[in-house]
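# Secondary and tertiary structure notes
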Amino acid sequence: MTHAALDLLRDRWQQQSTPGRRSDDARLVLLIEGGSSRGAYSSGMTVAIERLGLLPLFDAVYGSSAGSLNAAWLLCGRAEKTKHAWWDPRVMRTTINPMRAFTRQPVVDTKHLVHTIYTQVMPMGFQDILDNPVEFHPIATDALTGKAADLHGMIHDIPSLQTALRASTAMPLLAGPPVVVDGHPYVDAGLSEMVCVRSALAQKATHIVALRTTREDDLPVGPSRGERVVLSRWFARHAPGVVQTWLRRKELRDEEEELLATHPACLQIRPPLGSLEVGRTERRPAVMRAVVDVGIRLALTELAAVRGAVEQLP
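Residues numbered from 1 in each chain as written. Predicted model: local features only at pLDDT ≥ 70, side-chain atom pairs only at ≥ 80, totals over all residues. Heavy atoms only, no water.

## What about helix H9 (residues 225-238)?
Here H9 spans 20 Å end to end across 14 residues, near enough to the 20 Å set by a 1.5 Å rise per residue. Maximal helix bending in H9 amounts to about 35°, located at Leu231. Listed in full, the buried residues belonging to H9 are Leu231, Trp234 and Phe235. Packed against the buried residues of H9 are strand E6 (184-187) and helix H10 (243-247). (Helix = DSSP H or I, 4+ residues; strand = E, 2+ residues; numbered from the N terminus. Expected span 1.5 Å × (residues − 1). Bend = angle between axes of the 7 residues up to and from the residue. Buried < 20%, exposed > 50% of the residue type's maximum accessible area, 1.4 Å probe, protein only. Contact = heavy atoms within 4.5 Å.)

Structure representation (structure tokens):
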């Protein structure tokens, strides 16, 4: 298959191209979509990229919400080693617990995830991420303006990296109050950008590989009446600048899809029609493992040819 992004990947692979040592003037970026538990799809896709050794061919990795976590595991070289986190009860049942809503505790505890799971249970290579020449761009939503915010320039050490990961995944209501970075409040990236394509294009991306967690028939929808009743109060109190962005959710998603579909050098890898639908707080081991496996197979099929030979699929 001829595709501009794949052609660039092949050229860079053949030339053993690495960041800072390119023979082309392109800017090739990897966009990783989130969606809370649905991020298991894009997690599997990052495993394929790691397995194929393709990460150094990219100039930057952008992540939205759970996509930022997947990007971090890829950038520290531990995507495959930690893929089981998606179905490990030690991780999923302590990070996501709907019963905590009755005690006004975060249903999705990203503080526990980043500062306990990622340091004691499944240590993340934070310094490896900082040292990686491939740029890391976790996206969040500015709680005061409602605009997408690239936290790349605010990351300078391990604590600031950990805070950026929490800010990108700070889902309204479910994950508690906004996360403060450099004195400014931020909430989940998905409120302003699900796939980070606007941010990437604004920073001169010429070629794109987008790891998606939504199927083609997962059409964007606006907030339901129930969401308007519950979340409008939360936004008014904690993130007043996000209200209009949230109300325009369908319009913004439609614009993203249009940008991705019409870009001349954008390769999208996304779950096929009929694949499992995953809720934001899904944590059943069998479901999560199956979703990760689907992501691996999809990305291997799409990207293995970059190296000139189709890899053995699991």
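## Structural notes on the side chain of Ser42
With respect to the secondary-structure elements, Ser42 resides in helix H2 (residues 39-52). For Ser42, a relative accessible area of 0% corresponds to the buried category. One polar contact links the side chain of Ser42 to the main-chain carbonyl oxygen of Glu33, over a distance of 2.9 Å. In contact with Ser42, not counting residues within four places along its chain, are Ile32, Glu33, Asn70, Leu211 and Thr213. (Polar contact = N/O pair within 3.5 Å; in protein donor to acceptor, adjacent residues only side chain to side chain.)

## Let's talk about the side chain of His263
Within the element layout of this structure, His263 appears in the loop between helix H11 (249-262) and strand E8 (266-269). By relative accessible area, His263 is classed as buried at 17%. A polar contact is formed between the side chain of His263 and the backbone nitrogen of Ala265, at a distance of 3.0 Å. Not counting chain neighbours up to four residues away, the residues in contact with His263 comprise Leu201, Ala205, Thr206 and Ile208.

## Here's the deal with the pairing of strand E1 (residues 28-32)
Judged by how many residues are buried, E1 sits mostly within the fold: 5 of 5 residues are covered. Where E1 lies against strand E7 (residues 207-211), 5 bridges are found, and the strand directions are parallel. Across the sheet, Leu28 pairs through a bridge with His207, a residue of E7. With 4 bridges connecting them, E1 and strand E2 (residues 60-64) associate as parallel partners. From the neighbouring strand, Leu30 faces E2, where its bridge partner is Val61. Handedness of the crossover joining E1 and E2 through H2 is recorded here as right-handed. (Pairing = 2+ DSSP bridges. Right-handed = clockwise from strand over helix to strand, strands pointing away.)

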